Amino acid sequence: MMDQQTHALRGEGIALSFGGIKVLKGLDVEFRAGEITGLIGPNGAGKTSLFNCLTGAYSPQEGTISYAGEPLNGLPPAARAAKGIVRSFQHVALCPDLTVRENVMMGIARNGTAGWFSAFLPLTKGIREREEMARAADAALADLGLPDVGDKFPGELPPGMQRLVEIARAVVGKPSVLMLDEPAAGLNNSETRDLTAVLRKLASTDLVMVVVEHDMDLVMSICDRIYVLNFGEFVAVGSPGEVRTNDDVVRIYLGSDDDE
Amino acid sequence: MSEAPVSDQATHMSPDRSAMARLSGSITPGVTAGILVAVLMFMPYLLGGSWTFTLGLCFANSIGVLAVSLLVRYGGEVSIGHTFFTALGAYSVGVLDTRYGISLWASVPLALCLGVTLGLLFAWPSRNLHGIYLAVTTLALALAVPEMINNFDALTGGYEGLYVATPFIPGASMGLQRYYVALAMLVIVCFAVARLRLSRQGMALLLAKTHPAAADAFGTRRVWARISIMGISGGIGALCGATLAFSGSTVSPGGFTFWQAIFLLVGSVVSFYGLSLPRVLIGGAFVTLVPQLLSSSGAWIPVFYGLALLGMILLGHYMPRIRKAMARKSETA
Amino acid sequence: MTFWDSLIYDLFPLMWSGMITGCLYALGALGLVMIFKCSKVVNFSHGNVAGLTAFLVYGLSSGVLMSLSWGAAVLVAMLAAVAIAFLIYSIISPLVFESDLTSTIATLGFGLIAQGVTLLMFGADIVALDLPIPRFAFSVLGLLVTGYDLTVLAVAIVTIGALFIVIDYTKLGIAFRAISENPFAAEVCGLNLKSVHYFAWITAAILGVIGALLIVPTTFLSVTTVATFMLQAFAAAVIGGFASLPGALVGGVLIGVLMNLFTFYVSPEYSSTFLLGVILLALNIFPNGILQNVGGSRV
């Protein structure tokens with residue numbers, strides 16, 4: 001439990017506005033290690049904005065973001081990646097010119113030390129490094145149940161597998177924080193089931209997992225804790241069971257149903 | 001630039017999966033290139049001196065075409081100003097040769113360094129430019145080249161140009177040297193570019209081209225990608241110029257006009273932005289041979305280049321559709 | 001005293017003539033921007049096509065092809081320019097909706113063809129093509145103003161004024177603005193992208209012809225004259241942000257004045273290098289064009 005507290009991704013008083021419109025109104029949020037935390041809310045609630053603040057794509061006007069007590073404010077995404085904070089993308093962002101294995105290798109390419117000479121000449125250092133990365137990538141793919149697709153190109157895979165490849169790329173570097181932006185978008189039911197299984201398997205004691213998602217079934221089935229956002233504020237926080245029965249949440253999601 | 005105005009479809013004109021697949025494992029491309037090189041090795045014994053000379057120029061221009069294609073493939077950007085880099089390389093060789101009698105062993109590394117350095121220097125102020133904005137900037141670069149050459153005439157020999165005559169290997173036939181040095185340069189550059197595809201830097205560049213945000217999230221910064229690819233492309237451009245100077249024996253402003261810059265781009269389009277040895281040879285041959293074959297009727301050269309450019313672009317556009325339609329027809333039949 | 005002398009005898013005339021040529025750059029730049037604004041294509045054939053039509057005016061009025069009156073020759077050349085613009089856009093329109101970079105490269109091909117055709121029809125000779133305007137000159141505050149200057153100014157004002165009226169008030173102009181803002185939304189609302197693109201390409205061609213005819217008297221007409229002139233127009237468009245019509249206007253005048261000052265005070269031999277510097281500087285300081293930054297850019 002102590003461990004969960006210290007290795008948490010925390011946001012305190014996060015406020016973000018675009019041209020005078022307040023998108024996030026001073027949010028306090030804590031994503032604990034070993035838990036899958038869901039971030040839900042209707043369209044325009046500010047989920048993606050909060051997500052982007054956490055990844056470093058946006059910098060909030062107010063508030064602090066920290067991981068394990070270390071402040072992250074002002075760090076660009078690339079620097080956050082170096083600290084083990086990685087993400088997936090709502091629209092599959094795999095490079096079509098690279099094989100699946102190479103795409104996954106990109107998750108750890110930043111750790112490479114082979115220089116420009118190795119890039120152009122067949123030097124042992126570069127070759128060995130590539131072999132190591134390829135091995136790590138294959139292992140990550142196998143972990144996610146994709147052992148045989150390494151030599152294929154992303155375009156040759158169905159969307160569900162592409163999504164898993166993206167997750168493989170995110171986890172191959174053994175991150176401390178994994179942020180998933182609508183992982184189930186564009187997936188059919190059986191693909192979503194596979195994804196659920198993979199995410200459950202990934203949830204280990206030292207990984208902070210954040211899922212922004214529309215698919216209620218997925219969120220309810222995998223998340224330990226859920227933050228519900230509306231108009232830039234949290235309406236509810238709690239376990240799936242608590243959130244499901246929260247009156248405000250029901251009103252937001254079911255709209256004016258009970259008036260009729 | 002609030003939004004990059006360019007979609008990257010231009011760089012996907014030929015989704016040549018097989019070429020990539022070949023690069024990343026099996027041996028076919030190596031074999032193709034090997035056979036091609038073996039054949040080219042014997043060409044001087046089959047052809048006359050003038051054709052050997054022309055073929056040497058083809059190799060040199062192929063390197064230039066490769067520099068342009070590399071920028072498209074790995075940077076997603078189009079340059080209409082690569083004569084800046086070829087001129088840099090050519091004058092490195094020309095000046096060191098005519099002023100100091102120093103041969104390629106020193107001037108080629110110098111050309112490479114200058115090309116990379118100026119590529120980086122150009123990339124820094126233009127690091128946030130994309131698509132047509134960068135293209136127009138490179139166009140300005142190309143325009144500035146001839147006047148720079150003419151104004152530094154103390155060094156460059158002005159309109160007259162420089163004559164490169166110092167042999168690389170003393171004693172050997174100069175005609176053969178001009179041919180084999182160009183061939184060797186081309187093979188080395190093609191090999192290095194094929195290696196780049198497998199390196200972490202090359203892969204990062206490709207990811208940054210298609211999904212800059214994803215690359216950013218995994219530690220590849222956009223600015224790094226842009227500056228690196230301009231440096232590489234500039235360096236290879238300079239190697240093209242160095243080879244042109246040695247194999248073509250003369251360096252003069254006429255070889256580095258604005259039109260020559262466009263022709264390099266045409267060569268790149270004609271080879272479908274290919275990076276393999278056979279592909280860049282097609283582009284290089286196009287850039288070299290068309291002016292030679294049409295030299296008696298100069299006005300047809302731009303027309304022919306224009307038509308070839310359009311033809312290849314339209315082919316790149318309609319070919320996949322035609323192929324798809326054919327496939328559908330054969331399925332129903 | 002000498003400072004004031006140089007100001008009056010050098011600086012003011014330089015700025016005046018720079019402004020006059022700047023108006024012409026602006027005409028060229030406006031065409032480029034119109035095309036870019038709606039179809040996101042940079043038309044590299046602009047200069048060569050305009051050059052070809054200038055040669056057509058020469059050929060039709062001098063007896064090389066025909067011996068028409070100047071006005072009739074201009075009319076025919078205009079029609080030719082419109083036809084060429086129509087043809088070019090028709091050929092590349094399938095590309096425009098796929099990739100703007102590819103279609104931009106395709107316009108380079110048309111530029112090459114236009115140049116080749118000019119060479120084939122008229123050769124590489126340099127010819128003179130003057131405007132049928134009264135020759136007079138008078139001086140105001142030490143500034144020599146010629147009939148040519150006033151003609152350019154008048155034509156530029158009328159043309160640009162007409163252009164802005166068309167864009168602001170006609171149906172086509174409003175469609176053009178809508179499509180430039182948001183092509184998808186405009187198409188959903190039932191506007192025809194292609195017809196607006198045709199409108200932009202044809203208008204640009206006409207602007208190009210006007211600019212070419214006005215610039216030629218200051219130099220001579222050769223295959224490269226107008227293409228070179230259009231390069232300054234490119235710079236003007238870039239400085240104006242490439243997507244702003246008023247920006248192109250300001251950019252044109254600015255380039256005209258700056259080039260004149262640079263040529264006179266620094267060196268006439270590095271004008272292209274200077275242009276490169278100006279473009280790089282402008283793109284870095286005002287990435288969205290000079291006017292955008294002054295007025296504060298909207299999201």
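This section reports on the structure supplied with the text. (Residues numbered from 1 in each chain as written. Chains lettered and ligands numbered in written order. Predicted model: local features only at pLDDT ≥ 70, side-chain atom pairs only at ≥ 80, totals over all residues. Heavy atoms only, no water.)

**Some words on the packing of aromatic side chains**
Residue and element names in this part refer to chain C.
Logical step 1: Here the structure, examined in full by the defined rule, presents 27 aromatic pairs over all chains.
Logical step 2: Taking the centre distance of 5.7 Å and the plane angle of 45° together, the rings of Tyr89 and Trp201 count as tilted. Of the two residues, Tyr89 sits in helix 3 (residues 70-96) while Trp201 sits in helix 8 (residues 193-215), which places them 112 residues apart along the sequence. Summarising the burial analysis for this pair, Tyr89 and Trp201 share the class buried.
Logical step 3: A ring pair is formed by Phe176 and Phe199, whose centres lie 6.0 Å apart and whose planes are at 75°; its orientation type is edge-to-face. (Phe/Tyr/Trp six-rings, centres within 6.5 Å; stacked < 30°, edge-to-face > 60°. Helix = DSSP H or I, 4+ residues; strand = E, 2+ residues; numbered from the N terminus. Buried < 20%, exposed > 50% of the residue type's maximum accessible area, 1.4 Å probe, protein only.)

**Remarks on helix 4 (residues 100-122) of chain C**
Residues and elements named next belong to chain C.
Logical step 1: Helix length check: helix 4, at 23 residues, gives a terminal C-alpha distance of 33 Å against a target of 33 Å (1.5 Å per residue), a fit within 8%.
Logical step 2: The element helix 4 is extensively covered by neighbouring structure, given that 19 of its 23 residues are classed as buried.
Logical step 3: Positive phi appears at Gly123, one or two residues downstream of helix 4, with a value of about 75°. (Expected span 1.5 Å × (residues − 1).)

**Description of the side chain of Arg225 of chain A**
Residue and element names in this part refer to chain A.
Logical step 1: Structurally, the position occupied by Arg225 is in strand 9 (residues 225-230).
Logical step 2: The exposure class of Arg225 is buried, given its relative accessible area of 14%.
Logical step 3: At 2.7 Å, the side chain of Arg225 and the backbone oxygen of Glu30 are in polar contact.
Logical step 4: Apart from residues no more than four positions distant in its own chain, Arg225 is found in contact with Glu30, Arg32, Glu35, Ile36, Thr37, Gly38, Val237 and Gly238. (Polar contact = N/O pair within 3.5 Å; in protein donor to acceptor, adjacent residues only side chain to side chain. Contact = heavy atoms within 4.5 Å.)

**Thoughts on the pattern of salt bridges**
Logical step 1: Enumeration over the complete set of coordinates arrives at 15 salt bridges over all chains.
Logical step 2: Taking the shortest distance from any N to any O, the salt bridge between Arg32 of chain A and Glu35 of chain A comes out at 3.6 Å. A single burial state applies to Arg32 of chain A and to Glu35 of chain A, both of which are buried.
Logical step 3: Among the salt bridges present, the one from Asp97 of chain A reaches Lys209 of chain B, with a minimum N-O distance of 3.3 Å. Here Lys209 of chain B lies in helix 9 (residues 200-210) and Asp97 of chain A lies in the loop between strand 6 (85-87) and helix 4 (100-105), a pairing that spans two chains.
Logical step 4: Judged by its relative accessible area of 10%, Asp97 of chain A falls in the buried class.
Logical step 5: Shared partners join several salt bridges into a network, and the residues in it are Arg10, Glu30, Arg32, Glu35 and Arg225 of chain A. (Salt bridge = Lys/Arg side-chain N within 4 Å of Asp/Glu carboxyl O.)

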